[in-house]
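Residue strings, one per chain:
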Amino acid sequence: FAFLLVLMILASLSEVLSIGAVMPFIAVITAPARVFEHPAAQPFIGFLELTSADQLLLPLAIAFGLAALIAGAVRLLVLWASTRLAFAPGAEFSIDIYRRTLYQPYVVHLTRNSSEIIAGISVKTNSVIHVTMMSLNFISASIILTALLIAMLAVDPVIALAAIGGFGSIYGVIVWITRHRLLSNSQRIAHESTQVVKSLQEGLGGIRDILINGSQSVYCEIYRSAEFPSRRAQGSSAFIGASPRYAMEALGMILIAGLAYVLAQQSDGVARVIPVLGALALGAMRILPVLQLAYGAWSAIQGERAALRDILDLLDQPLPEHADRPVISPLPFRQHISLAQVSFRYSAD
């Protein structure tokens, strides 16, 4: 996780680098002589031994391309590390649940439906992987969003604050509206996934009686009544997590158009407006996906809360003292086996 955190910070810096590289690149396209005479460009011009403004375009185009490639490569590395880290706990949790279940007393197995355990190991454990992945995405998005905000503040503080404040407020309202629906969906998915496994067990386990009685339609209906609500809740959660993106993209285009109009009214002219607008547009293109990634991660975590609660309950099953002891070698059989003072009773409940 520490290694992944360092990669996330590097990814945020690479995003800022790509935004910073676009301003001089666009400025050279619109007003090369102005950039050539700028004091900040003199060390760069002297190092490359450039003699005219037209010669700036190729080096800056290469620098902008390299910045974009570096940002993409670092983000890809973050995705690889996040995926490796997220999928590791899934196997560990499912193995631990199975182990703890096998060590439970016989009376526990008699009073509990095995479909709960099977659903927890085979279905709900995937929620741990999903939530871990979404949590890492949320952390990465927060770090990148902070770096992008700082970069945009350096370009134009007022416009940057207005953009991030507007988009952030809209997402805040969406979070407030959808949180109860996501929690309800998570409870429905967790409950119905257990019912799906139960109906499969009952149907396939009693297949001889079903074939004799001809009751296939009855068991199909039981399965349908569990499967449809689960899928409907999953679809609802997926829609809630993905839908704000399209509204935000439309609002982002409107915001860029408004900024272009406002900046064009300034006395410095279009030559100054276009580089600033290009940097802000690129920043908005980076910020909106990151905001959507953070919101999607939050909605996914909310949608898996009930399943996570079931997983934690299964992980809380106590282990007997002898569970961690080495396996005892079997006693050799010599004369006879006798059972003394052995008894069992069902629970009084």
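Note: the structure precedes this text.
This one's a predicted model, so the numbers in the text were calculated from it and none came from an experiment.

J.: Tell me about the overall build of the protein chain, and name the residues and values.
T.: The helix and strand inventory of the protein chain stands at 12 helices and 0 strands. Taken from the N to the C terminus, the helices and strands of the protein chain come in the order α-α-α-α-α-α-α-α-α-α-α-α. For the protein chain, with 349 residues in total, the buried portion stands at 38%. Considering only contacts in the protein chain between residues 6 or more positions apart, those separated by 24 or more positions represent 85%.

J.: Describe the side chain of Thr101, with residues and values.
T.: Its place among the elements puts Thr101 in helix α4 (residues 57–102). For Thr101, a relative accessible area of 6% gives the class buried. Among all residues touching Thr101, those that are not within four sequence positions of it are His109, Arg112, Ile117 and Gln317.

J.: Lay out the pattern of salt bridges in plain terms, naming residues and giving numbers.
T.: Scanning the entire structure with this criterion turns up 3 salt bridges. Among the salt bridges present, the one from Glu227 reaches Arg231, with a minimum N-O distance of 2.6 Å. Of the two residues, Glu227 and Arg231 are both situated in helix α9 (residues 216–242); the distance of 4 residues between them amounts to about one turn of the helix. For Arg231, a relative accessible area of 48% gives the class partly exposed.

J.: Before we move on, could you go through α9 and cite the residues and values that matter?
T.: Compared with the 39 Å implied by 1.5 Å per residue over 27 residues, the 38 Å span of α9 between its first and last C-alpha is a close match. The complete set of buried residues in α9 reads Ala226, Glu227, Pro229, Ser230, Ala233, Ser236, Ser237, Ile240 and Gly241.

J.: How would you summarise the environment of Gly172 if you had to cite specific residues and measurements?
T.: As for its placement among the helices and strands, Gly172 is situated in helix α7 (residues 157–205). Residue Gly172 is classed as partly exposed on the basis of its relative accessible area, which comes to 37%.

J.: Help me get a handle on the nonpolar core, residues and values and all.
T.: Leu4, Val78, Leu145, Ile287, Val290, Leu291 and Tyr295 are the most contacted members of the largest nonpolar core, which totals 27 residues. Not counting chain neighbours up to four residues away, the residues in contact with Val290 comprise Ala141, Ile144, Leu145 and Leu148. Residues Ile97, Ile117, Val128 and Leu314 belong to the second largest nonpolar core, which totals 6 residues.

J.: Talk me through a nonpolar patch on the surface; I want residue IDs and the actual numbers.
T.: Taken together, the side chains of Phe1, Leu5, Val6, Ile9, Leu10, Leu13 and Leu85 make up a nonpolar region of the molecular surface, amounting to roughly 600 Å² of accessible area. With 5 residues, the single largest contributor to the nonpolar patch is helix α1 (residues 2–30). Tracing the chain through its elements places Leu10 in helix α1. The exposure class assigned to Leu10 is partly exposed, which follows from its relative accessible area of 43%.

J.: Tell me what's going on with the environment of Glu227, and back it up with residues and numbers.
T.: What makes Glu227 buried here is its relative accessible area of 17%. C-alpha separation for the pair Glu227 and Ile189, spaced 38 residues apart in sequence, amounts to 9.4 Å. A polar atom in the side chain of Glu227 sits 2.6 Å from the side chain of Arg231.

J.: Hey, could you go over the environment of Ser115 for me, with residue numbers and the actual values?
T.: Mapped onto the fold, Ser115 is located in helix α6 (residues 114–155). Relative accessible area serves as the criterion here: at 1%, Ser115 is assigned to the buried category. Apart from residues no more than four positions distant in its own chain, Ser115 is found in contact with Thr194, Val197, Lys198 and Gln201.

What counts as what
- Each chain carries its own residue numbering, running from 1 in the direction its sequence is written.
- At least 70 in pLDDT is required for a residue's local features to be given in this predicted model, at least 80 for side-chain atom pairs to be given and counted, and no such filter applies to totals for whole chains, interfaces and linings, which use all residues.
- Each side-chain value is worked out from all heavy atoms of the structure, with water and hydrogens disregarded.
- The way it works is that DSSP assigns letters per residue, a run of H or I at least four long becomes a helix, a run of E at least two long becomes a strand, and they are numbered from the N terminus.
- Three labels apply to residues, based on accessible area from a 1.4 Å probe with only protein chains included: buried if under 20% of the type maximum, exposed if over 50%, partly exposed otherwise in between.
- Two residues form a contact once any of their heavy atoms are found within 4.5 Å.
- Salt bridges are defined by distance alone: a side-chain nitrogen of Lys or Arg within 4 Å of a carboxyl oxygen of Asp or Glu.
- The span you would expect from a helix comes to 1.5 Å times its residue count less one.
- To define a nonpolar core, start from buried Ala, Val, Leu, Ile, Met, Phe, Trp, Tyr and Cys residues and group those joined through side-chain atoms within 4.5 Å.
- A residue counts toward a patch only above 30% relative accessible area and without a salt bridge, and it is joined to like-charged neighbours within 9 Å or, for Val, Leu, Ile, Met, Phe, Trp and Tyr, to nonpolar neighbours within 5 Å.
- Here the open area of atoms and residues is found with the Shrake-Rupley method and a 1.4 Å probe, where only the protein chains shown may cover a residue.
- What qualifies as a polar contact is a pair of N or O atoms within 3.5 Å, subject to a donor-acceptor requirement within protein and to the restriction that residues adjacent in sequence count only when both atoms come from side chains.

Note that every value here comes from positions in space, so none of it alone points to a role or purpose.
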